[in-house]
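A closer look at the structure
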Amino acid sequence: MADDTFGTRELRARVLAAWSASPARFREDANAEDDLVRGGYRDRVVVELAQNAADAAARAGVEGRLTLRLRDDLLVAENIGAPLDAAGVESLSTLRASTKRGDGASVGRFGVGFAAVLAVTDEPRIASATGAVRWDAAAARRDASAVASVAQEVARRGGQVPVLRLPYAWDEPPPTTATTVVELPLRDAAARELVTRLLAEVDDALLLALPSLAAIDVEVDGDRRTVTATDRWHVVRRAGRTVPALLADRPVEERERPTWSLTWARPLAGQLVPPCLHAPTPTDEPLDLPVLLVASFPLDTTRRHVASGPLTDALVREAAAAFVALVSEVPDPAQRWALVPGPMPVGRLDGQLRSAVREALAAAPVLRTVDGAPVAPKDAVSIVGASDDLVAELAGVVDGLVADHTALEQLGGRRLRLVDAVDLLAGLERPPDWWRRLYAALSDGPVDSEALGSLPVPLADGRLVRGPRGALLPEGDLPPDLSSLGLRLVHPDAAHPLLLRLGAAAAAARTVLDRPEVREAVDASWEHPEPDALASVVLDLVARAGLRRGELPWLAALRLTDVHGDPAVAEDLVLPGSFLADLAGTSAADQLGEVDPALVARWGRDVLSAAGVLADLTVTEVHDLVLDRDGGDDDAVAGLDGWVDWVLDRIGGRTDTPAGSPPTVRSLRVVPELDVVDDGSWLRVLAHVAGDPELRAALVDPVPVEVGGGAGIRRVTVPSYAAWWLRARGLLEGRRPGEWAAPGASDLEGLWEPLADAGGVPAAVLGAAGVRTSLADVLADVDGAEALLDRLADPALRVSWSTLLPAYAGIAGLDADAVAAPRSVRVDPDTVLPADDVVVVDAAHHLQVGWDTPPLVVPLAWAADLAEVLDVATSSERIGDPAVAGGERRTVPVAVAALLPGAPDEWWEHDELLVAGHPVSWWVAGNGDVHAATLDGLARGLAWAAAAWPARWPVAAVLEDERRAGELADELRLG
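Residues numbered from 1 in each chain as written. Predicted model: local features only at pLDDT ≥ 70, side-chain atom pairs only at ≥ 80, totals over all residues. Heavy atoms only, no water.

**Some points on the overall build of the protein chain**
What the protein chain contains, in helices and strands, is 36 helices and 41 strands. Taking 975 residues into account, the globule formula puts the C-alpha radius of gyration at 30 Å, and the protein chain, at 60 Å, lies well above it. Referenced to the eigenvectors of the C-alpha coordinate spread, the extents of the protein chain come out at roughly 180 × 90 × 50 Å. Across the 975 residues in the protein chain, those meeting the buried criterion constitute 51%. Long-range pairs, those at least 24 residues apart, make up 66% of the contacts in the protein chain between residues at least 6 apart in sequence. Element-wise, carbon and sulfur atoms account for 50% of the exposed surface of the protein chain, whose accessible area totals about 43,400 Å². Taken together, the 91 basic and 147 acidic charged side chains of the protein chain have centroids lying 16 Å from each other. (Helix = DSSP H or I, 4+ residues; strand = E, 2+ residues; numbered from the N terminus. Rg over C-alpha atoms; globule rule 2.2 N^0.38 Å. Buried < 20%, exposed > 50% of the residue type's maximum accessible area, 1.4 Å probe, protein only. Contact = heavy atoms within 4.5 Å. Areas by Shrake-Rupley, 256 points an atom, 1.4 Å probe, with all protein chains shown as cover. Lys, Arg positive; Asp, Glu negative; His and termini not counted. Charge placed at Lys NZ, Arg CZ, Asp CG, Glu CD.)

Next up, the structure:
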């Protein structure tokens, strides 16, 4: 082919002449090409080849196709469309002087894109149907060096010259399978590595920027793939003419193309969106949007970034309007919300686009309310965390209600908290079944109890109340009409389990009975306008709940009617034929009336008994009872506070009770009907209790009391509630039980009068009721010792030594700190003295002293302990250690010493022995000296000194006749 194909010879001549005439022009061209290759187009070779292919297809009006083939060190690009012509060659060889002016179909605009090939090759060449052309760095260097005026500059630049300024004809035949073929022999391994990467990055996003291309075939060393425009993108395109005023600050070449275009592409198959603007090919302008933007934004001189100015601002507004159209076409609300850009930009243009898009979206009806009506986000309302069902139910309650998304606030909409949405429901008139659907929707997922605390609830009586707490949810078989009880009963059509989670209670019969409203109604039943109706409802609940007597003691205040039709509270009525009714004739029974037989016929004995009508003695359990004097009367049982005080008094003297840890009874069995027993019926009651195991246990079994706390907790036992009641209020033959002794209590003879007729009641039952059954029983009672001492000090009683000595023996074994000292003390069966005059003999020789009043003589082993408990003097304390004068020292006989190993070796003999002015026959001084005036006295003194008092008689015999020493020693060893 001739050397001047496409006028290449003439083009070179003009360029070389220009360089020769102006070496500065050479430097400008060299610098411009170097800037493009190393800067704006350093990695755009594949994109620029695709762009040129798209322009060729657009000019020819055909569906473009590009083939990119890399084999060994050669990259080949084949395309169809308009062939290369002389103007095209001139454009490729003339920097920033594109011949595509006025061509609205072309993508390239400035004639500089082809410079990208120089990043990978020194010898680019093009063969087209109209001819072939090539560029050669070595040839260009040779020709430029031949120009004298620039040769030195070429050398200075190390041989770097503007390659594309000097085209050469290429003797290559026209391609047969394509219109134009571009061949790029790659410079080195780095160039191949770059090209390989760029080819791998070719995807359908490139075709969005180059709509004239229908497909790109990529082949690398035999591996081929085809990239086509697919349905993986949702695309919105816009184009128009640019207002001239917007181009005033743009270069001339750009002002001659007064059109704009943009494309938004939303990925549909999960593919990644390139993180940059395409203008129309990729730039370095960062975008962090969920969609791809391809737009004809003006670029700066680097061809990498968008130039600011009026044109860019106008295109931002057009892009925002097109974005609204894109969002409007998205059918799924969740996907629409996902397109709303966040507030954090990654660059200047990104920030402009985000702001404009949000502003446009906020005012556009891109959303649909739950009713299907279009609504702009700024006019929309959502409920944070609301489920679809909840949103659907609230459609007619909240205007502009849409599905919730965090982006709504960015677009000016309101996001209500659930608690705020609940406030909107106050006073809302809706049928009960609507409320049930609302509750069902609210129960999807986690339930915010705090937010729903004021949720309205429709009641069966037509009221709408705020908050489920305290409401009752119908459950099971309830009476048909509970209106007389004033309950917050949820309407059956609105009942839903959510209400239970928010504080409502399941309204089974027992639950209803536990409500404070029911108790208040029962307490006020005398003032109720329809007391019979109230009683009927309450008794119906009792029956349905299967209530047992004593479970709800306050029911005893329910107004019923007696056998005469007169009103009476349940606790003042008895069932006919019952044990308590059988007490007829007593004053207590006279105060009780028989319940109306009609009530018995309708409800049965068990229901009326459970409601408080009296029948038999029963046992009720009180759990976790804290023993506190300030706790007030416990409504469970009459007088229970009295038992508590009594117990605290009993344990206070024997058990430490740490502050802050009051004693506690875990389970206390009580007999609540004891308060109706007549004074003359207690013996019958005891006989009845003795024959019933449960009643007997409630009376006889002691009650464990936990005292202290933590690791120091311990338990003491106290008498039962029934035992306390009987002891405090019961009467047997006109006296309190504690004033009687049980029949057969011989060790109490003379102290308490035996009960003449115990009616066959066992001693254990009598004892629990307070009757004195034995000395041990008396002493085991906390107050028993004081009661015993009071009896012993009663001068009207005569107490034999057979009773007195065991009593004092028991008293001596008590803790002196736990017994109040008596004012008077019995010293013998017939004598009671003031305590200050009483002396307990604690030494045998003290008996010889002439006492003004009879001393109390008890076994010496416990004499001192008894004196301490009684808080009286001992004989040792009264006499002291008086001096003993005179006497002659004598040696204790050997025979006696053998009989008494502990006796002293010597003793003092007296003709007459006086101690403190009293004549005595013997004495043992404080220093252990034995003084005696007679042999019998000597025997006593030696035995006492040797701590062998029982041996005094054998010693006396040996002193009379020493020959009996062996015989008597044998007898002493017998014990």
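**With respect to helix α7 (residues 189-200)**
An α-helical turn contains 3.6 residues, so any two residues separated by three or four positions project in the same direction. Taking 1.5 Å as the rise per residue, α7 with 12 residues should run 16 Å; its terminal C-alpha atoms sit 17 Å apart, in good agreement. Those residues of α7 hidden inside the fold are in contact with α3 (45-60), β1 (64-71), β2 (74-79), β7 (213-220) and β8 (223-228). Here α7 starts with a cap whose side-chain oxygen sits 3.3 Å from the backbone nitrogen of Ala 190, and that cap is Asp 188. (Expected span 1.5 Å × (residues − 1). Polar contact = N/O pair within 3.5 Å; in protein donor to acceptor, adjacent residues only side chain to side chain.)

**Focus on the sheet that holds strand β3 (residues 125-128)**
Strands sit in the order β5-β4-β3-β6-β2-β1-β7-β8 across an open sheet of eight strands; the sheet is mixed. Edge positions in the sheet fall to β5 (167-169) and β8, since each of these pairs with one other strand and no more. The average angle at which neighbouring strand axes cross in this sheet is 15°, direction not considered. Of the pairings in the sheet, the one linking β3 to strand β6 (residues 180-185) comprises four bridges and is antiparallel in character. Bridging across to β6, Arg 125 finds its partner in Glu 183. Helix α4 (residues 86-93) rests against β3, β4 (131-135) and β5 of the sheet, and its axis sits at about 10° to β4. (Pairing = 2+ DSSP bridges. Axes fitted to C-alpha atoms, helices over the stretch in contact; angles between N-to-C directions.)

**A word on the packing of aromatic side chains**
The tally for this structure, following the rule as stated, stands at 10 aromatic pairs. Between Trp 19 and Phe 26 the ring centres are 4.9 Å apart and the planes differ by 80°, which places this aromatic pair in the edge-to-face class. Note on Trp 19: relative accessible area 0%, which makes it buried. When the centroid spacing of 5.4 Å and the interplanar angle of 50° are considered together, the rings of Phe 114 and Trp 135 count as tilted. On the criterion of sequence distance, the pair formed by Phe 114 in the loop between α4 and β3 and Trp 135 in strand β4 is long-range, its members being 21 residues apart. Since its relative accessible area comes to 5%, Phe 114 is described here as buried. Residue classification places Trp 135 among the buried positions, given a relative accessible area of 0%. (Phe/Tyr/Trp six-rings, centres within 6.5 Å; stacked < 30°, edge-to-face > 60°.)

**Re the sheet that holds strand β37 (residues 906-909)**
Pairing is mixed in the open sheet, where four strands are placed in the order β36-β37-β41-β40. Of all the strands in the sheet, just β36 (888-891) and β40 (922-924) have a single pairing partner and so form its edges. Going across the sheet, the axis of each strand differs from the next one's by a mean of 30°, ignoring polarity. The sheet contacts of helix α34 (residues 935-945) involve β37, β40 and β41 (930-932), and relative to β40 the element is tilted by about 15°.

**A word on unusual backbone geometry**
For residues that are not glycine, phi is negative in most cases, and the peptide bond is trans in most cases. Unusually for a residue other than glycine, Asp 72 sits at a positive phi of about 55°. Tracing the backbone through its elements, the reader meets Asp 72 in the loop between β1 and β2. By relative accessible area, Asp 72 is classed as exposed at 56%.

**As for the nonpolar core**
Formed by 56 residues in total, the largest nonpolar core has its most connected members in Trp 643 and Leu 668. No other element matches the seven residues that helix α23 (residues 640-652) contributes to this core. Apart from the residues lying within four places of it in its own chain, the contact partners of Leu 668 are Thr 620, Glu 621, Val 622, Leu 625, Leu 640, Trp 643, Val 703 and Tyr 721. Among the nonpolar cores identified, the runner-up in size contains 55 residues, and Leu 194, Leu 199, Leu 207 and Trp 233 belong to it. (Core = buried A, V, L, I, M, F, W, Y, C linked by side-chain atoms within 4.5 Å.)

**A few points about the confidence of the model for the protein chain**
This prediction gives the protein chain a mean pLDDT of 87; 95% of its residues lie at or above 70. Low pLDDT (under 50) marks residues 96-111, which in the prediction has 52 contacts with non-local residues, meaning those over four places away or in another chain. Long-range and interchain partners of residues 653-657, a stretch whose pLDDT sits below 50, account for eight contacts in this model, where long-range means more than four residues apart. (pLDDT = per-residue confidence, 0-100.)

**Quick word on the pattern of salt bridges**
Considering all chains together, one arrives at 50 salt bridges under this definition. In the salt-bridge network here, residues are joined through shared partners; they are Arg 65, Arg 69, Arg 71, Glu 78, Asp 217, Glu 219 and Arg 224. (Salt bridge = Lys/Arg side-chain N within 4 Å of Asp/Glu carboxyl O.)

**Digging into α23**
Spanning 13 residues, α23 covers 18 Å between terminal C-alpha atoms, matching the ideal 18 Å at 1.5 Å per step. All of the buried residues along α23 are Leu 640, Trp 643, Val 644, Trp 646, Val 647, Leu 648, Arg 650 and Ile 651. Looking at the buried side of α23, the elements it contacts are β26 (620-626), β27 (664-670), β28 (703-707), β29 (714-718) and α26 (721-729).

**Some thoughts on the packing of helix α29 (residues 784-792) against helix α30 (residues 801-812)**
For any two helices packed against each other, one specifies the crossing angle of their axes together with the interaxial distance. With their axes 11 Å apart at the nearest point, α29 and α30 run at an angle of 145° to one another. Crossing of α29 against α30: the hand is left-handed. Contact residues: Leu 788, Leu 789 and Leu 792 in α29; Leu 804, Ala 807, Tyr 808 and Ile 811 in α30. (Left-handed = near helix turned anticlockwise from the far one by under 90°.)

**Re a negative patch on the surface**
Together, Asp 815, Asp 817, Asp 836, Asp 837, Asp 865, Glu 868 and Asp 871 give the surface a local cluster of negative charge. Counting through the fold element by element, Asp 871 comes out in the loop between α31 (863-870) and β35 (873-874). (Patch = residues over 30% accessible without salt bridge, like charges linked within 9 Å, V, L, I, M, F, W, Y side chains within 5 Å.)

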